[in-house]
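# Understanding the architecture of this molecule
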Amino acid sequence: MSEVANAVLNPVRVKGTVYNTGDGIFLDGTLYYCYKDNCARCLTEVEGEIETEISGRILEDEESKLEESDEKLIAYNKDEITLDEVIADAVLLSMPMRILCGEDCKGLCPKCGKDLNQGKCECQDDEVDPRLAKLRNFFE
Ligand SMILES: [Zn+2]
Ligand SMILES: [Zn+2]
């Protein structure tokens, strides 16, 4: 968790509504946050923004400790809702498993470690360029 939390840039914003159904008080909202992490392939720093739904039942702090429920419970103390835990959960669930700088990131060369997005490395010089191979076929 701490690793994920490190990637999250503050502030985390929440927009939502609190409503009373008669069965209880519920929160229904959207969570927005930005993150900064390294691309899983080339290690370039990437920033992104995530939007995810959050919802749950709001209970008084003491009450929420006693309650056994499958619902997500949001505790509040006096006039403050403690969203930290709910936010932490939502962030954890919505954070991409693999952060990439781009879908077509070429990553680092496994041999020399060069960032292949910035150009080919020496290790690849031996390989035949597919475009050249096509041309060769053309002239045969
Ligand atoms: Zn990358
Ligand atoms: Zn290389």
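Since this is a predicted model, take the numbers as computed values, not measurements. (Residues numbered from 1 in each chain as written. Chains lettered and ligands numbered in written order. Predicted model: local features only at pLDDT ≥ 70, side-chain atom pairs only at ≥ 80, totals over all residues. Heavy atoms only, no water.)

## Re the coordination of the zinc ion (ligand 1)
Tetrahedral coordination by four donors places them ideally at 109.5 degrees to one another around the metal; octahedral coordination by six donors ideally gives 90 or 180 degrees. Protein-derived ligands of the zinc ion (ligand 1) are C39 (SG), C42 (SG), C101 (SG) and C105 (SG), with the metal-ligand distances lying across 2.3 Å. The site at the zinc ion (ligand 1) holds 4 donor atoms, and with the angles between them running 105 to 114°, its shape is tetrahedral. Here the donor residues of the zinc ion (ligand 1) are spaced in sequence according to C-x2-C-x58-C-x3-C. Summarising the burial analysis for this pair, C39 and C42 share the class buried. (Donors = N, O, S within 2.8 Å, 3.2 Å for Na, K, Ca; no water. Tetrahedral: all angles 85-135°; square planar, octahedral: opposite > 155°, others 65-115°. Buried < 20%, exposed > 50% of the residue type's maximum accessible area, 1.4 Å probe, protein only.)

## A few points about helix α3 (residues 84-94)
Every α-helix winds through 3.6 residues per turn, so residues three or four apart in the chain are directed the same way. For α3, the full list of buried residues reads V86, I87, A90, V91 and S94. Burial along α3 is one-sided: seen end-on, the buried residues are contained in an arc of 130°. The exposed residues of α3 that point more than 90 degrees off its buried face are D84, E85 and L93. (Helix = DSSP H or I, 4+ residues; strand = E, 2+ residues; numbered from the N terminus. Arc of directions from axis to C-beta.)

## As for the confidence of the model for the protein
In the predicted model, the protein carries a mean pLDDT of 81, and 70% of its residues have values of at least 70. Per-element confidence in the protein is highest for strand β2 (residues 25-38), whose mean pLDDT is 91, and lowest for helix α1 (residues 2-7), whose mean pLDDT is 60. (pLDDT = per-residue confidence, 0-100.)

## Considering the nonpolar core
Within soluble globular proteins, side chains that are nonpolar tend to cluster in buried spots. L31, Y33 and M95 are the most contacted members of the largest nonpolar core, which totals 21 residues. Mapped onto this core, the elements with two or more residues apiece are β2, β3 (45-60) and α3. Apart from the residues within four sequence positions on either side, L31 is in contact with V12, R13, V14, I50, E51, T52, I54, I87, A90 and V91. (Core = buried A, V, L, I, M, F, W, Y, C linked by side-chain atoms within 4.5 Å. Contact = heavy atoms within 4.5 Å.)

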